[in-house]
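Fold and geometry: a report
Below are the chains, spelled out letter by letter.
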Amino acid sequence: MSISIKMADPLQPATVAEIPGFPFENFEQLQAAVAIRSFNVGVDPLAGAEWSHRSSGVIRKAIVATLSLLLVFAAAASLVAALLTREYWLLAAIPIQASVFYLSQPASGIRKWVTAGGVITLLAFIDLLLNGLPVAATLVAYAGLTFAAVRAAGYLTNSSFRKALLSDESLFLSAYASGACTVRNNRTKRVYSS
């Protein structure tokens, strides 16, 4: 999803006041409502990742790339370890990683359950390790590592995009018009979208 700012687009409002049914008369009201947490700006994860890739600094990009490479190296390590130790159950780490990677996306419909599962993996890892089941503990650790890496990368990209949206009305309007962001009333749970 590409977000481009089109100043002369007649379909895109010039201010938030021109958005039909929008709960704010100006951009400053939106910023203030988000600051006191009565409203929240939600972002599309793909748009956030694309914007972050184009606009973030070198350090943030390096952290996200490192998290991605960490998962690739972990998968390769499970394959090598399975072949060297002949503990072929370690091969299950690769499909476990793929499944958890898919389910851990912040926009997932079951994100609350996945978050609870991510927390439980730490407890399960310790329990399995203390009970002498290192292979099972390792597989659970792969799930936990993947969950943490995906959520951390998502947090970094989404938070930088959200911060940019709240500092630039033109960017916000462009993203809102393209469906890359929404505004949610935290009290009523009503979501405003284009």
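Preceding this section is the structure that the text describes.
A brief look at the structure comes next.

Analysis parameters
Residues numbered from 1 in each chain as written. Predicted model: local features only at pLDDT ≥ 70, side-chain atom pairs only at ≥ 80, totals over all residues. Heavy atoms only, no water. Pairing = 2+ DSSP bridges. Helix = DSSP H or I, 4+ residues; strand = E, 2+ residues; numbered from the N terminus. Core = buried A, V, L, I, M, F, W, Y, C linked by side-chain atoms within 4.5 Å. Buried < 20%, exposed > 50% of the residue type's maximum accessible area, 1.4 Å probe, protein only. Contact = heavy atoms within 4.5 Å. Axes fitted to C-alpha atoms, helices over the stretch in contact; angles between N-to-C directions. Parallel < 35°, antiparallel > 145°, perpendicular 65-115°, else oblique. Nonpolar A, V, L, I, M, F, W, Y, C, P; charged D, E, K, R; others polar. Phe/Tyr/Trp six-rings, centres within 6.5 Å; stacked < 30°, edge-to-face > 60°. Salt bridge = Lys/Arg side-chain N within 4 Å of Asp/Glu carboxyl O.

Let's talk about the sheet that holds strand β2 (residues 181-185)
Pairing within the open sheet is antiparallel, and its three strands lie in the order β1-β2-β3. For this open sheet the edge positions go to β1 (39-43) and β3 (191-192), each flanked by a neighbour on one side alone. By the bridge criterion, five bridges tie β1 to β2 in an arrangement that is antiparallel. In the strand pairing of β2, Val 43 is matched with Cys 181.

As for the nonpolar core
Soluble globular proteins tend to bury their nonpolar side chains together. Ranked by internal contacts, the top residues of the largest apolar core, which has 26 residues, are Phe 22, Leu 165, Phe 172 and Val 183. Broken down by element, the residue count for this core peaks at five residues, all from helix α7 (residues 169-178). Not counting residues up to four positions away in its chain, the partners in contact with Phe 22 are Val 16, Phe 172, Tyr 176, Val 183 and Tyr 192.

Structural notes on the packing of helix α3 (residues 58-85) against helix α4 (residues 93-103)
Two numbers describe how α3 lies on α4: the axes approach to 9 Å, and their chain directions differ by 155 degrees. By the angle between their axes, α3 is roughly antiparallel relative to α4. Residues Leu 71, Ala 74, Ala 75, Ser 78 and Leu 79 of α3 form the contact with α4, whose participating residues are Ala 93, Ile 94, Gln 97 and Phe 101. Residues that form the contact of α3 with α4 fall into these classes: seven nonpolar, two polar and no charged.

Re the packing of aromatic side chains
Under the definition given, this model contains eight aromatic pairs. When the centroid spacing of 6.2 Å and the interplanar angle of 55 degrees are considered together, the rings of Phe 22 and Phe 172 count as tilted. Taken as a pair, Phe 22 in the segment before α1 (27-35) and Phe 172 in helix α7 lie far apart in primary sequence, 150 residues in all. Each of the two residues, Phe 22 as well as Phe 172, counts as buried. Arranged with centres 6.2 Å apart and planes meeting at 70 degrees, the rings of Phe 22 and Tyr 192 form a pair that is edge-to-face.

Focus on unusual backbone geometry
For Arg 37, which is not a glycine, the phi torsion comes out positive at approximately 65 degrees. Structurally, Arg 37 can be placed in the loop between α1 and β1. If you check the backbone angles, Arg 86 has positive phi at about 60 degrees while not being a glycine. You can see Arg 86 is positioned in the loop between α3 and α4. Given the relative accessible area of 65%, Arg 86 is considered exposed.

Side note on the environment of Leu 123
Of note, Leu 123 is situated in helix α5 (residues 111-130). Exposure remark for Leu 123: the relative accessible area of 58% places this residue in the exposed category. Between the C-alpha atom of Leu 123 and that of Gly 42, which follows or precedes it by 81 residues, the distance is 31 Å.

Some details on the pattern of salt bridges
In total, this model carries one salt bridge according to the counting rule given. The partner of Glu 50 in a salt bridge is Arg 54, and the shortest N-O contact between them spans 2.8 Å. Here Glu 50 and its partner Arg 54 are both found in helix α2 (residues 45-55), four residues apart, which amounts to about one turn of the helix. On the basis of relative accessible area, Glu 50 is assigned to the partly exposed category, the value being 24%.

Structural notes on the environment of Tyr 142
Along the chain, Tyr 142 falls in helix α6 (residues 134-165). Residue classification places Tyr 142 among the buried residues on the basis of a relative accessible area of 11%. Note: C-alpha distance between Tyr 142 and Ile 120 (22 residues apart in sequence) is 13 Å. Not counting the four nearest positions on each side in its chain, Tyr 142 is found in contact with Ala 74, Ala 75, Ala 77, Ser 78, Ala 93 and Gln 97.

So yeah, pure geometry; function would need other evidence.
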